[in-house]
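Summary of structural features
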Amino acid sequence: MAKLQQRNLECKILTDRKNKIHYISEWDPRQRALTKGGYMEGEIKVPPYPGPMKLTIQTHPTQGKGMEEAIAAEVHPALIHNVRMGLGKREQAKEPVPMTGHWRQEYLIENGRVDILNRLSEFDEGRDVPTQDEVTQMKNNTIILGRKHKELNLIIVQPKQRTRANATEATLTKVIIDRLQEAGKDASLTVVNRLEKCFKGAEFGKNIKQLRLKVDLRDYNTNNLIASVITDPICDNTNMHIGPLELTDASPLKSCTNGGRKSIIVSEQTLPKDVEPIFEIWSGDTQMIDLEKNLVQPIDFQIRQDSIIFLTPCQDRFSGMDWTNLTMKLAVRRIGDKHISNKKFAFRYVAHNVQSCMFCSHNLDTEEQVNLKENKKNGKRKLALKNYKRSDVNKTIFTCPMSHCQSPYSTKDELERHVLAVHDSLTKSEMLSGVSYNYENMNVSIPEEEPSFEKLRIDTMNKDRIPLPCLEMSRATVIARSHIQDDTYVITGNIVGTDSCFWEGYFLGWRFFGL
């Protein structure tokens, strides 16, 4: 932790606790006296000083993807709320309603007593909220942060987005503007919009859930700076994208060096999609990073809601390693920020027995073939063949550069003749009726719902184009489906020229067109 200025000021927040960042409405003191948790725990060690001091605690940005401008401006939109815990219940009548200016809290320290200097707003009209009130006493020049009575009960709350709040509520935009104006910086719309983007959207929205605290100590009378410190990063531990990866169990934890055994890691909370199982090598409490280059990491795995299923990889470099005093451990790593789970599981590879391997030859776990089933794909609109009349397919009319997907037709002309023979045999009414037809053991289905296309025709000037029906059409894009074999094949084409009914696209090396 950084220690700045003339005197030694320390602020340590325990980051291994269940920190949680709530919305303002969840802690509104005008509502019933509910407590949601998420109190910061730690201590602030104040240096000796002969006179009264003003303690300022404010939110401060921390490192994160897309946070460069926010760090340069020293702006973070999260607010600090001082909860008032009494004897067995919350004394919310002493708490001002969280508002735009509460990105910082100020306290008077004098003779060991710590008083909060409340900033009130129009939301507190008609409420008897004190402007100054004792919140705790220092012990050995130390302020204790926690959830108990006579401790400094601090929580972090986040304002709503501009579109979700009413006109009077604190919003992300209002807090950013207030901070810029308070610091005498440019608060123009362009600057504010750029800073807003640091905390919004699927990619950067998680940044509002992680921050630091900046603690300043000043002379109460002269406002001269005595000491200042910025804490280590604090994050919402319940957020799967930035919080710690907490694992429950893993099994089995043994495999032969040929690999191929299915293992499962169970998490305590929902897992993000950008995680992966990894192997590490440890010698006591020391990680042997140099030796880990000899490991083959798992590459065949699936991420489920609260578990990871993977097949153990083949380890062909084990024979040359001395494993004396070494232990292999299984962990989980989040790819985005390289965070690795604190809990790790001892994993053991045993040499493969060519003649009789207990893992490979004796079906140790199952009588069936070991593999990973594909995850079900969910979406707003499933373009699946369950929407079509479907039957098994013996052949495919597509060609693919990969060996497992070769066309049964040797030339483009031959392929084209087969496709045209099928399509030309149908009338428009038949195509719109949702019929299925078969040609040389090749089952092709037409949509049951009425598609937006005219009867297909071939462009005789371009013999490498294959006609397909259109499923959806926008001003610039067309989505079509092959209706052949696999329901995962979706083709996207672009509108060509000024004719809004004509489109073309590419798929597996063939060029397609439609009306």
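Please refer to the structure placed before this passage.
What you see is a predicted model, and the numbers here were worked out from it, not measured in a lab.

On to the pairing of strand S10 (residues 153-158), then. Counting buried positions over the six residues of S10 gives six, a clear majority of the element. Burial of S10 is two-sided: the residues Asn 153, Ile 155 and Val 157 facing one way and the residues Leu 154, Ile 156 and Gln 158 facing the other way are all buried. Pairing of strand S2 (residues 22-23) with S10, which is carried by two bridges, proceeds in the parallel orientation. Counted as the bridge partner of His 22 is Val 157 from S10. Bridge count between strand S5 (residues 79-83) and S10: five bridges; the pairing is antiparallel. The residue of S10 that forms the bridge with His 81 is Ile 155.

The next point concerns the nonpolar core. Counting 31 residues, the largest nonpolar core has Ile 44, Leu 55, Ile 57, Tyr 107, Ile 109, Ile 143 and Leu 213 as the members making the most contacts within it. Secondary structure elements with two or more residues in this core: strand S1 (10-13), strand S4 (53-60), strand S6 (104-110), strand S7 (113-117), strand S9 (142-145), S10, strand S11 (210-219) and strand S12 (225-230). A total of four residues in this core trace back to one element, the largest contributor, which is S11. Leaving out residues up to four positions away in the same chain, Ile 143 has contacts with Gly 42, Glu 43, Ile 44, Val 46, Leu 55, Ile 109, Val 114, Thr 136, Met 138 and Leu 152.

For the structure shown, the criterion picks out five aromatic pairs. Their ring planes at 80 degrees and their centres at 5.8 Å tell us that Trp 27 and Tyr 39 sit as a pair that is edge-to-face. You can see Trp 27 sitting in the loop between S2 and strand S3 (42-45) and its partner Tyr 39 sitting in the loop between S2 and S3, a full 12 residues away along the chain. With respect to class, Trp 27 is no different from Tyr 39; both count as buried. Considering the side-chain rings of Phe 279 and Tyr 349, the 5.9 Å spacing of their centres and the 75 degrees angle between planes classify their relative orientation as edge-to-face. Linking Phe 279 in strand S17 (residues 275-283) with Tyr 349 in strand S22 (residues 345-350), this pair joins segments that are 70 residues apart in sequence. The exposure class of Tyr 349 is buried, given its relative accessible area of 10%. Ring pairing ties together the aromatic residues Phe 279, Phe 310, Phe 347 and Tyr 349, which thus form one cluster. The ring centre of Trp 282 lies 5.3 Å from the NZ or CZ of Lys 329, which sits over that ring.

An α-helical turn contains 3.6 residues, so any two residues separated by three or four positions project in the same direction. Within the sequence span of helix H3 (residues 189-197), burial applies to Val 191, Val 192, Leu 195 and Glu 196. Along the axis of H3, the buried positions cluster into a sector of 135 degrees, meaning they face one direction only. Pointing more than 90 degrees away from the buried face of H3 are the exposed residues Leu 189, Thr 190 and Lys 197. In this fold, the buried residues of H3 make contact with helix H1 (68-73) and helix H2 (172-182).

Now for the layout of surface pockets. Roughly 570 Å³ of volume is contained in the largest pocket. Taken together, 24 residues form the lining of the largest pocket, with Gln 210, Cys 235, Ile 242, Arg 334 and Asp 337 sitting closest to its centre.

On the basis of which strands lie adjacent, the open sheet formed by five strands has the order S15-S22-S21-S17-S18 and mixed pairing. Looking at which strands have only one partner, the edges of the open sheet turn out to be strand S15 (254-256) and strand S18 (286-287). As paired strands, S15 and S22 are joined by three bridges and run parallel to one another. When the sheet's bridge partners are listed, Cys 256 is paired in S22 with Val 350.

The rules behind these values
- Residues numbered from 1 in each chain as written.
- Predicted model: local features only at pLDDT ≥ 70, side-chain atom pairs only at ≥ 80, totals over all residues.
- Heavy atoms only, no water.
- Buried < 20%, exposed > 50% of the residue type's maximum accessible area, 1.4 Å probe, protein only.
- Helix = DSSP H or I, 4+ residues; strand = E, 2+ residues; numbered from the N terminus.
- Pairing = 2+ DSSP bridges.
- Core = buried A, V, L, I, M, F, W, Y, C linked by side-chain atoms within 4.5 Å.
- Contact = heavy atoms within 4.5 Å.
- Phe/Tyr/Trp six-rings, centres within 6.5 Å; stacked < 30°, edge-to-face > 60°.
- Lys NZ or Arg CZ within 6 Å of the ring centre and 35° of its normal.
- Arc of directions from axis to C-beta.
- 1 Å grid on protein atoms, 1.4 Å probe; cavity = no way out; pocket = protein on both sides within 12 Å on 5 of 7 lines; lining within 4 Å.
- Points joined across faces, edges and corners; volume = space filled by probe spheres on them.

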